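Coordinates in review
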Amino acid sequence: MRLLVCGGAGFIGSNFVRARIEGHGDEVVVLDKLTYAGRRENLQDVAEAPGFRLLHGAIEDREAVARALGDAEAIVNFAAETHVDRSITEPDAFVQTNWLGTHVLLEAARERGMRYVHISTDEVYGSIDDGSFTESSPLAPSSPYAATKAGADLLVSSYVHTYDLPASICRGSNNYGPYQYPEKLIPLMVLSALHGEPLPVYGDGLQVRNWLYVTDFASAIGHVLDHGVRGEVYNVGGPDECPNLEVVERIVELTGADPALIEHIRDRPGHDRRYSLSSEKVRGLGWEPQVRLQQGIEQTVAWYRDSPWWWEPIRSGEYRQYYERHYGRALSAD
Ligand code: NAD
Ligand code: TYD
């Protein structure tokens, strides 16, 4: 298949591109703004694949999208601002990319009657104390990030209903694995533990996330692209739920870090307590997750330990400023 993958230089997008090129022989063009989170290195092992191109451009730029589309048969859209904490302090880019950018892609897909697969998140449903969200659960986003993702999902659904656009939505739970920018919980804790730095747990650390290994999400998206019913939403939840503190304690064990590095700091405003997705519908397409949390954390720690080539440039760049801005005062105040 010939695919336009937007946001394909980020964490999940690059894992998806690799899986499609290596597992299906797809020809992939990536359109990516290459923000702090988008990195050419994430795609270096597919850079020479037949038909592969990485184009630098934003999804909200109609001309860049038209140029990138070429003779693609489908668009898969990962492009987004993705970090909840950044959405709390700097929400503008979230509205711009996640909502307005999605609209530009939908218009391009509508003009061409193209297949469109939209990558979304469990955070559009908000927090759930017991049980799991299904695809028909109401949307109740808590953070600006989640709200812009929910807005985009509603736009996609409106294009399905109004224009009969052959679109599908995949709502994934928390992903982890290789190539994840170290602002998110697991890579932040792994790199901090490897460097003997504080491990900042928000509040009591008993918030629960439904962990999904990134290659499992990539394969679920492939199932939806290839076999998903047009117009449908598919939840993709990981096989295990775990409180944050237990995840951090496991990382401490695996890295041999000092447990005294764990610091409870002030909680995130509006912090969702628990996420949980029912994945019955996507399992009906033949998808099964392959990686349990225990194994996935071990693989992730091993990858970060063996990949200083990947994280050294990150830790010396924008990330350092973000870290100081976000954690500096909280850690020194405790
Ligand atoms: P990421 O932050 O690692 O990557 C996002 C990518 O989008 C980067 O390559 C970035 O450069 C690019 N991008 C940002 N703004 C752009 C724009 N205006 N135009 C073009 N490209 C732009 O994010 P990720 O974790 O890989 O998430 C990918 C998608 O999956 C997002 O839509 C996110 O909402 C969704 N998702 C993420 C998770 C998770 O746990 N990380 C879970 C479920 C769903
Ligand atoms: P995160 O990786 O930001 O994903 P999300 O907010 O999309 O779930 O955070 C995962 C969980 O870890 C969330 O409950 C917030 C918590 N967390 C911390 O306790 N400390 C941190 O430094 C970070 C980044 C997250």
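Figured I'd write up the structure that's included with this text. All figures in this text were calculated on a predicted structure; none of them were measured in a lab.

About the cut-offs
Think of each chain on its own: its residues are numbered from 1, step by step along the sequence as written. Chain letters and ligand numbers both follow the written order, the letters beginning at A and the numbers at 1. Local features are withheld for residues below a pLDDT of 70 in this predicted model, meaning they are given only at 70 or higher, and side-chain atom pairs are given and counted only at 80 or more; totals for whole chains, interfaces and linings count all residues. No hydrogens and no water enter the side-chain calculation; it runs on all heavy atoms of the structure. The rule for a residue being near a molecule or strand is that one of its heavy atoms must lie within 4 Å of it. Between N or O atoms, a polar contact is any pair within 3.5 Å; within protein, one atom must be a potential hydrogen donor and the other a potential acceptor, and residues adjacent in sequence are included only when both atoms are from side chains. Surface exposure here means Shrake-Rupley accessible area, sampled with a 1.4 Å probe, where a residue is shielded only by the protein chains that are shown. Note on conventions: DSSP H or I runs of at least 4 residues are helices, E runs of at least 2 residues are strands, and numbering of each starts at the N terminus. For this classification, the nonpolar set comprises Ala, Val, Leu, Ile, Met, Phe, Trp, Tyr, Cys and Pro, the charged set comprises Asp, Glu, Lys and Arg, and every other residue, Gly included, is treated as polar. Computed over the protein atoms alone on a 1 Å grid, cavities are sets of points where a 1.4 Å probe fits but cannot get out and pockets are open sets with protein on both sides within 12 Å along at least five of seven lines; a residue lines them when it has an atom within 4 Å of a point. Grid points are joined across faces, edges and corners, and a volume is the space filled by probe spheres set on the points.

1. A closer look at the site of ligand 2
Around ligand 2, the surrounding shell holds 18 residues, and the nearest of these are Glu123, Arg209, Arg268, His271 and Tyr327. Contact distances for ligand 2 include 2.8 Å between a nitrogen atom and a backbone N or O atom of Pro200. At a separation of 2.6 Å, an oxygen atom of ligand 2 approaches a polar side-chain atom of Tyr327. The fraction of the free accessible surface of ligand 2 (510 Å²) that becomes covered by protein chains is 97%. Secondary structure elements with two or more residues in the shell around ligand 2: α6 (185-194) and β8 (199-202). Of all the elements, β8 adds the most residues to the shell around ligand 2, at 3 residues. A per-class count over the shell around ligand 2 returns 8 nonpolar, 5 polar and 5 charged.

2. A word on the layout of surface pockets
Its volume calculated, the largest pocket comes out at about 280 Å³. Taken together, the elements giving at least two residues each to the lining of the largest pocket come down to α3 (84-89) and α12 (318-333). For the lining of the largest pocket, the leading source of residues is α12, giving 5 residues. Split by residue class, the lining of the largest pocket holds 7 nonpolar, 2 polar and 7 charged.

3. Description of the site of ligand 1
Neighbouring ligand 1 are 29 residues; Ile12, Asp32, Thr82, Tyr145 and Lys149 lie closest to it. Within the backbone of Phe11, one N or O atom sits 3.0 Å away from an oxygen atom of ligand 1. In the environment of ligand 1, an oxygen atom lies 2.6 Å from a nitrogen or oxygen atom belonging to the side chain of Tyr145. Elements with a minimum of two residues in the shell around ligand 1: α1 (11-24), β5 (115-121) and α5 (144-163). Looking at the shell around ligand 1, the element that brings in the most residues is β5, giving 3 residues. Across the shell around ligand 1, the residue classes tally to 12 nonpolar, 13 polar and 4 charged.

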